[in-house]
Amino acid sequence: MAYTAIAKASEHFDVPTWAGSSSTTTVSGMGFKPDIIWIKRYDGSGHPIWNNSTQGINFNFLPSQQGVNDTTAYVASYTSDGFTLTGSATDANENSEKYMAATFKCNGGTTSSNGDGATTTTVQANTTSGVSVVTYTGTGSATTLGHGLGAAPKIIITKSLTTADFAGFANGSTLHHTDPFTDYVQLAWNGTSIGDSDTFWNDTAPTTSVFSVKSATQTNKSGDTYVAYCFAEKKGFSKFGYYIGNNQTRGPQVYCGFKPKLVFLKKADGTEDWIFKTTAVDEGQLPNDGEMKRSLKISDNSSSTNCFINANATGFRPTTTDGKANGDNALYLYMAFAEHSIVGTNG
């Protein structure tokens, strides 16, 4: 049997939900202190909020927008098994509204200086789950940046907190692209996704120690402050890649090696929204049936229930003809994270 080093995904990743209030709210019960917190309202419109413990409570970016750093303290503090939210925080804790967050463990907020690349970075990494937060100052020209994972990241999401623009997104899967780091995707852009420019990743694939950037505003403008979220694929815990839709209510089975708790996806060759799908949001479905009905949109800060995906023991399957997840012969990029693995912890 294949094996995973992660016995419980819930010790590294979770998707808590909560009801907003007019006062300080603590979200608890997680199996770790979260270092990456991606918040999204799921019962109506609300901007997604991405925060990390490296930069702290006053550093956020809203991936539905092209804005600079949002200094609002949505997250008031990080706790040993969750986080505390500021009372009546717009898009995170407003009274009677419902929210979820994709959360990841890195290193408990402890960072280190990384000199693996030509430009020094500050890194907080979880090498077991393959997740790191990297911060750096842009140089405006080709350079390499240490990511701290000890394995080549397959997904890299970068954002300038100084200049207003979309975030850069790289999917290193070679399933449908033989040289993926010659291409780029812009997070929250709902048009045709994949573009070709060496200014993003310098046409260079990441190594086990560094990733490359060049001169794009989304990745390396001179003097700008950047955050990068890096993800290396880990058997039984995470899976990143592409699939081809068939426009049938029984869509293609996407093999992950686990039952996913969260899927983040985007039509890569046409106009559609970026969406989160999660089994943690149980809106009108049978408990634990795996049907992910609610689509949490990133690019237009809303949600809907017209695009179904079913999470099963080995991966997920679109059960819709909706173009956001299963257009005819359409190409989709995805990130998936485990609820339950089907692989053992010994080989």
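Residues numbered from 1 in each chain as written. Predicted model: local features only at pLDDT ≥ 70, side-chain atom pairs only at ≥ 80, totals over all residues. Heavy atoms only, no water.

A. Fine view of the pairing of strand S22 (residues 258-267). Counting buried positions along S22 gives 10 out of 10 residues, so the element sits mostly inside the fold. Relative to strand S29 (residues 331-341), S22 runs antiparallel, the two sharing nine bridges. Bridging from a neighbouring strand, Lys259 pairs with His340 of S29. One ladder, built from four bridges, connects S22 with strand S23 (residues 275-278); its direction is antiparallel. Pairing of Phe264 across the sheet is with Phe276, part of S23. (Buried < 20%, exposed > 50% of the residue type's maximum accessible area, 1.4 Å probe, protein only. Helix = DSSP H or I, 4+ residues; strand = E, 2+ residues; numbered from the N terminus. Pairing = 2+ DSSP bridges.)

B. Main features of the nonpolar core. One finds Trp38, Ile157, Phe169, Tyr229 and Phe231 to be the most contacted residues of the largest nonpolar core, which totals 58 residues. Ranked by residue count, the leading element in this core is S29, at eight residues. Setting aside residues up to four positions removed in sequence, Trp38 forms contacts with Ile49, Trp50, Asn51, Met100, Ala101, Ala102, Phe104, Ile157, Tyr229, Phe231 and Phe276. Counting residues in each nonpolar core, the second largest holds 19 residues, with Leu149, Ala170, Phe181 and Phe211 among its members. (Core = buried A, V, L, I, M, F, W, Y, C linked by side-chain atoms within 4.5 Å. Contact = heavy atoms within 4.5 Å.)

C. Looking closely at the pattern of salt bridges. Going through the model one piece at a time under the given rule, you end up with seven salt bridges. The partner of Lys154 in a salt bridge is Glu233, with the nearest N and O atoms 3.3 Å apart. Here the residue Lys154 occupies a position in the loop between strand S13 (143-146) and strand S14 (155-160), and Glu233 occupies one in the loop between strand S19 (225-231) and strand S20 (238-244), the gap between them amounting to 79 residues. By relative accessible area, which is 28% here, Glu233 ends up partly exposed. Between Asp198 and Lys214 there is a salt bridge, with its nearest N and O atoms 3.0 Å apart. Here Lys214 lies in the loop between strand S18 (210-213) and helix H2 (217-220) and Asp198 lies in helix H1 (residues 198-201), a separation of 16 residues in the sequence. Where salt bridges share partners, they join Arg41, Asp43 and Glu97 into one cluster. (Salt bridge = Lys/Arg side-chain N within 4 Å of Asp/Glu carboxyl O.)

D. The sheet that holds S19, seen in detail. As summarised here, the arrangement of the eight strands in space is S10-S11-S12-S19-S14-S15-S16-S17, forming an open sheet in which the pairing is antiparallel. Two strands lie at the open edges of the sheet, namely strand S10 (112-114) and strand S17 (195-196), each paired on one side alone. Bridge analysis of strand S11 (residues 121-126) against strand S12 (residues 131-137) gives five bridges, and the strand direction is antiparallel. When the bridges of S12 are listed, Gln124 appears paired with Val133.

E. Structural detail: the packing of aromatic side chains. Overall, the coordinates contain 29 aromatic pairs when judged by the stated rule. A ring pair is formed by Phe240 and Phe337, whose centres lie 5.7 Å apart and whose planes are at 65°; its orientation type is edge-to-face. Of this pair, Phe240 sits in strand S20 while Phe337 sits in strand S29; the two residues are 97 residues apart in sequence, bridging distant segments of the chain. Each member of the pair Phe240 and Phe337 is classed as buried. (Phe/Tyr/Trp six-rings, centres within 6.5 Å; stacked < 30°, edge-to-face > 60°.)

F. Structural detail: the sheet that holds strand S7 (residues 75-79). Strands sit in the order S3-S8-S7 across an open sheet of three strands; the sheet is antiparallel. Both edges of this open sheet fall to strand S3 (25-27) and S7, since each of them pairs with a single strand only. Averaged over all adjacent pairs, the angle separating strand axes in this sheet is 20°, with direction ignored. Judged from the three bridges that link them, S3 and strand S8 (residues 82-85) form a sheet pairing that is antiparallel. Within the sheet, the bridge partner assigned to Thr26 lies in S8 and is Thr84. (Axes fitted to C-alpha atoms, helices over the stretch in contact; angles between N-to-C directions.)

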